Amino acid sequence: MDKGPVSGHRHVGQSQPNRTDEVGTPSEISPANPVATTRAQRWRVKLARPFLSLWSSLRARILPVAPVQSRSVQVVESVSPPGQPGFSIGDDSWKQQHYALKLDTVWQALQAQPEFGQWQGMIDGDPSGRDQRLQQCLRRVVAELSGDSIAGGAPGTTPRERYKRMITAFRSADAILLKGKHNSPLRQNSRAFLHGISRALFTTEIKSPFHSDLVQAIRQKAASGLREGLPAPLTSNRGRDLAARLAHTQQLISGQRSALENPASKSDHLGNVMGSLMAGEAGIHYDPYRQGNIPDILFKPRIHGKAVACIRMGTPTRQDVPFNASVTPEFRCFLESRGKHDHHLYINRQRRTGIEGDRSHALEKLQAHIGLQGKITVVTLPADGDFYNQRQAFSKDCELQALQAQMAGLMADNQQGFFFPAGLRQRISDTGEDFSAFLSRCLKASAEELGISQDAVLGRKQRQAFIFHFLNKTLVEALIQTVDATTYNHTCKDDIDRGGVANAYLFAVKNRPHDSATAEEQEAFAREMEAKTNAAAVEVKKREVIEHRHEDLRNALETLDYWNKPPSGGRMKLPGRGIGAR
């Protein structure tokens, strides 16, 4: 078994049975079993994985989370959430409130822009015949954002309908501008107007405790049916205690799936499940932004002394049928609107094969498009596969230095789900550092930050914890600094599972209270972590985070000394000092 937290002392980690892998493999091809040694076994694994991936997604949407064996959690009767949320979990009001908050936020941001008066005159004016359809689309966008009738056009009856109609009208206006050859004043102003909307859509933050209140309301509702009530407030900044709290919240949310979805009937529930599977897994009518995945600023970490906005967003791609992914107009307009000193770092956590691979390639090619060069850098980091899960050929315990060398080689060669574009490599080379040397320096810095010696022999969970910390903290900071990003996102398909735990981990690093923090400060941090970890999954899929993704986060919190072992002086080290100090 793994021998507790990873420390700087040399030890030999014994192998232990692996957890179920990300596609819920049956025992014949479970990663717990030895590596397949025959050609027939290897082909069975390859042929089975696409179907098992589909089953994993279906299982995550239908079956509840199995009880997590975690450390005991002291419980009390009740803990009231900070403020009273204006919605009930048992009806549709909380979903509508989320749409309404985003619409109001975007509209207010537009009104605050200096060009708003000019845009308003453009929309109210009398266009030439060839521009009438364009103006109708723009009026529709304004009507849905403001909630007011414009030139006889009434907005949607619900915030959800308004939001989706706004996206549709935005895309229609963009399509007209792309096809038209003449360049009237209306068209020039229209492009600037769409740029303003896209900027507001991606870079404005909902100034409301909605996300935190939503998670706390779910916890309250779930605990009302439990004799033991909710856990006592968190009073420690140790990783194991935080992981236990997050595991308990994960189970509470799992028990509220039916209330969150609130389907009218069993057939409606089945339709929701199958529609989600056909879109996300099969790439049929997949369109996250029209299907309720609302972008928002998650937090603004300080990276090397500079605040950078982390955008929580689903993948900005859409597919009508499999293998025809394209980037959405609103995201392209967002990139076009960026100033000369702005740069966006897109960290993609989707697979580079299959249905997701089509989306990944569409994103990776985006940085080479004329007009977008120098405005975005796209890298892909794995959150699946044999290396990430340390199985098959990567299942043997090894010293840290061997793991680092192996990892550097895979990243340099764009293997095992990694992709680093030529432009990024050239940017690093221009500083006088070879790309391989850059990777080795980052890996060494991560080990030093975690306090792990190069000759420490790591078991599987410890290797996974190191990889998780490196990909979601050390490398993210290094990439942001390298491209001088002003905004970034860390996104899988919906940014609720793979991307969700990645974002939550960096938030924890940057906002973890000191060990001398008051009980109120520790509890406030725990509630923010619950929101950063779980709110997006609730809002987009009406469920908890997929369990084995959540386990990746808990494993790092539980396993690494960085989160659990005080230094010799007796006080807990505050994460973030040194590399990417906050």
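Everything in this summary refers to the structure shown in the same document. (Residues numbered from 1 in each chain as written. Predicted model: local features only at pLDDT ≥ 70, side-chain atom pairs only at ≥ 80, totals over all residues. Heavy atoms only, no water.)

1. Topic: helix H3 (residues 116-124)
Buried within H3 we find Phe 116, Trp 119, Met 122 and Ile 123. Taken down its axis, H3 places every buried residue within 120° of arc, on the same side. On its buried face, H3 sits against helix H2 (93-111), helix H4 (132-146) and helix H6 (185-203). (Buried < 20%, exposed > 50% of the residue type's maximum accessible area, 1.4 Å probe, protein only. Helix = DSSP H or I, 4+ residues; strand = E, 2+ residues; numbered from the N terminus. Arc of directions from axis to C-beta. Contact = heavy atoms within 4.5 Å.)

2. What about the pattern of salt bridges?
One pass over the full model with this rule turns up 35 salt bridges. The partner of Lys 306 in a salt bridge is Asp 484, with the nearest N and O atoms 2.7 Å apart. Of this pair, Lys 306 sits in strand E3 (residues 306-307) while Asp 484 sits in the loop between helix H17 (460-483) and strand E11 (487-491), and the two are 178 residues apart along the sequence. Taking relative accessible area as the criterion, Lys 306 reaches 29% and is therefore assigned partly exposed. Owing to a relative accessible area of 45%, Asp 484 belongs among the partly exposed residues under this scheme. Linking Arg 543 and Asp 497 is a salt bridge whose minimum nitrogen-to-oxygen distance equals 2.9 Å. Here the residue Arg 543 occupies a position in the loop between helix H19 (519-541) and helix H20 (547-559), and Asp 497 occupies one in the loop between E11 and helix H18 (498-511), the gap between them amounting to 46 residues. Taken together, the shared-partner salt bridges in this structure form one network comprising Arg 219, Arg 245, Glu 523, Arg 527 and Glu 530. (Salt bridge = Lys/Arg side-chain N within 4 Å of Asp/Glu carboxyl O.)

3. So, the packing of H17 against H18
For the pair H17 and H18, interaxial distance at closest approach is 10 Å and the crossing angle is 65°. One way to sum up the angle between H17 and H18 is to call them roughly perpendicular. Between H17 and H18 lies a crossing whose hand is right-handed. Of the residues in H18, those touching H17 at Phe 468, His 469, Asn 472, Lys 473, Val 476 and Glu 477 are Val 501, Ala 502, Tyr 505, Leu 506, Val 509 and Lys 510. Of the residues assigned to the contact of H17 with H18, the class counts are 7 nonpolar, 2 polar and 3 charged. (Axes fitted to C-alpha atoms, helices over the stretch in contact; angles between N-to-C directions. Parallel < 35°, antiparallel > 145°, perpendicular 65-115°, else oblique. Left-handed = near helix turned anticlockwise from the far one by under 90°. Nonpolar A, V, L, I, M, F, W, Y, C, P; charged D, E, K, R; others polar.)

4. Details of the environment of Gln 464
Looking at the element boundaries, Gln 464 is found in helix H17. On the accessibility criterion, Gln 464 (8% relative accessible area) is buried. With 74 residues separating them along the chain, Gln 464 and Gln 390 place their C-alpha atoms 6.8 Å apart.

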